Amino acid sequence: MASIRDLKKDINYVLGDIIEAVYLVDASENGQNSKEGNAVIDGAIATFDDLIEKVNQKDVENRSAHLKGVRQELETKAAALIDELNKLG
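Visitor: Got a minute to help me understand the overall build of the protein chain in this structure?
Guide: Along its length, the protein chain carries three helices and zero strands. Considering only C-alpha atoms, the protein chain reaches an extent of 50 × 20 × 15 Å along its principal axes. Expressed as a percentage of its 89 residues, the buried residues of the protein chain come to 29%. Sequence separation of 24 or more characterises 69% of the internal contacts of the protein chain that already satisfy a separation of 6 or more.

In structure tokens form, the structure reads like this:
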């Protein structure tokens, strides 16, 4: 199993890349932040907070299964955010 530090880095990098992509799309489209773009950014920040909180939970029965679930949730939520991002551009 990958380390907890790697999982936290993955969460940070994936969601950070999504936020950066929103800024790039907004800049290339109209030069300003759009409401839809801000919604995607807010969703990425909320997802980040939620996933980091889940990673830091210590009172779970099976820690390994819990962290695998967090990784799967990251993939699912990131895919949903990318779908929203694709609708922007």
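Visitor: When you look at helix H1 (residues 4-29) in this model, what are you seeing that I'm missing?
Guide: Every α-helix carries 3.6 residues per turn, so stepping three or four residues along brings you back to the same face. If you check H1, its first and last C-alpha atoms are 38 Å apart, about what 26 residues at 1.5 Å a residue would give, namely 38 Å. Phi turns positive one or two residues past the end of H1, at Gly-31, with a value near 80°.

Visitor: Whenever I open this one, helix H3 (residues 63-88) confuses me. Can you help?
Guide: With 26 residues, H3 should cover 38 Å at 1.5 Å per step; its first-to-last C-alpha distance of 37 Å lies within 8% of that length. Along H3, the positions that sit buried rather than exposed are His-66, Leu-67, Val-70, Glu-73, Leu-74, Ala-78, Leu-81, Leu-85 and Leu-88. Summarising the contacts, the buried residues of H3 are in contact with H1 and helix H2 (35-55).

Visitor: Please explain the packing of H2 against H3 as it appears in this structure.
Guide: Axis angle and axis distance: for two packed helices, these are the angle between their axes and the distance between the axes, and together they describe the pair. Where H2 meets H3, the closest approach of the two axes is 10 Å, and the angle between their N-to-C directions is 175°. The angle between the axes of H2 and H3 places the two elements in the roughly antiparallel class. Where H2 approaches H3, its residues Glu-36, Gly-37, Val-40, Gly-43, Ala-44, Thr-47, Asp-50, Leu-51, Lys-54 and Val-55 are matched on the opposing element by Arg-63, His-66, Leu-67, Val-70, Glu-73, Leu-74, Lys-77, Leu-81, Glu-84, Leu-85 and Leu-88. For the contact of H2 with H3, the class distribution of residues is 10 nonpolar, four polar and seven charged.

Visitor: Hey, could you run me through the side chain of Glu-73 in this one?
Guide: In this fold, Glu-73 is placed in helix H3. Residue classification places Glu-73 among the buried residues on the basis of a relative accessible area of 18%.

Visitor: It is not clear to me how the pattern of salt bridges should be interpreted in this structure. Could you clarify?
Guide: If charged atoms from side chains of opposite charge come close, those side chains can pair. Applying the stated criterion across every chain, the model contains five salt bridges. Between Asp-50 and Lys-54 there is a salt bridge, with the nearest N and O atoms lying 3.6 Å from each other. One end of the pair is Asp-50 and the other is Lys-54, both in helix H2 and four residues apart, which spans about a single turn. Residue class for Lys-54 comes out partly exposed when judged on its relative accessible area of 25%. Among the salt bridges present, the one from Asp-50 reaches Lys-77, with a minimum N-O distance of 3.1 Å. Placement of Asp-50 in helix H2 and of Lys-77 in helix H3 is noted, with a sequence separation of 27 residues between them. On the basis of relative accessibility, which here comes to 28%, the residue Lys-77 falls in the partly exposed class. Taken together, the salt bridges that share partners define one network made up of Asp-50, Lys-54, Glu-73 and Lys-77.

Criteria and thresholds
- Residues numbered from 1 in each chain as written.
- Predicted model: local features only at pLDDT ≥ 70, side-chain atom pairs only at ≥ 80, totals over all residues.
- Heavy atoms only, no water.
- Helix = DSSP H or I, 4+ residues; strand = E, 2+ residues; numbered from the N terminus.
- Buried < 20%, exposed > 50% of the residue type's maximum accessible area, 1.4 Å probe, protein only.
- Contact = heavy atoms within 4.5 Å.
- Expected span 1.5 Å × (residues − 1).
- Axes fitted to C-alpha atoms, helices over the stretch in contact; angles between N-to-C directions.
- Parallel < 35°, antiparallel > 145°, perpendicular 65-115°, else oblique.
- Nonpolar A, V, L, I, M, F, W, Y, C, P; charged D, E, K, R; others polar.
- Salt bridge = Lys/Arg side-chain N within 4 Å of Asp/Glu carboxyl O.

By themselves these figures say nothing about function.
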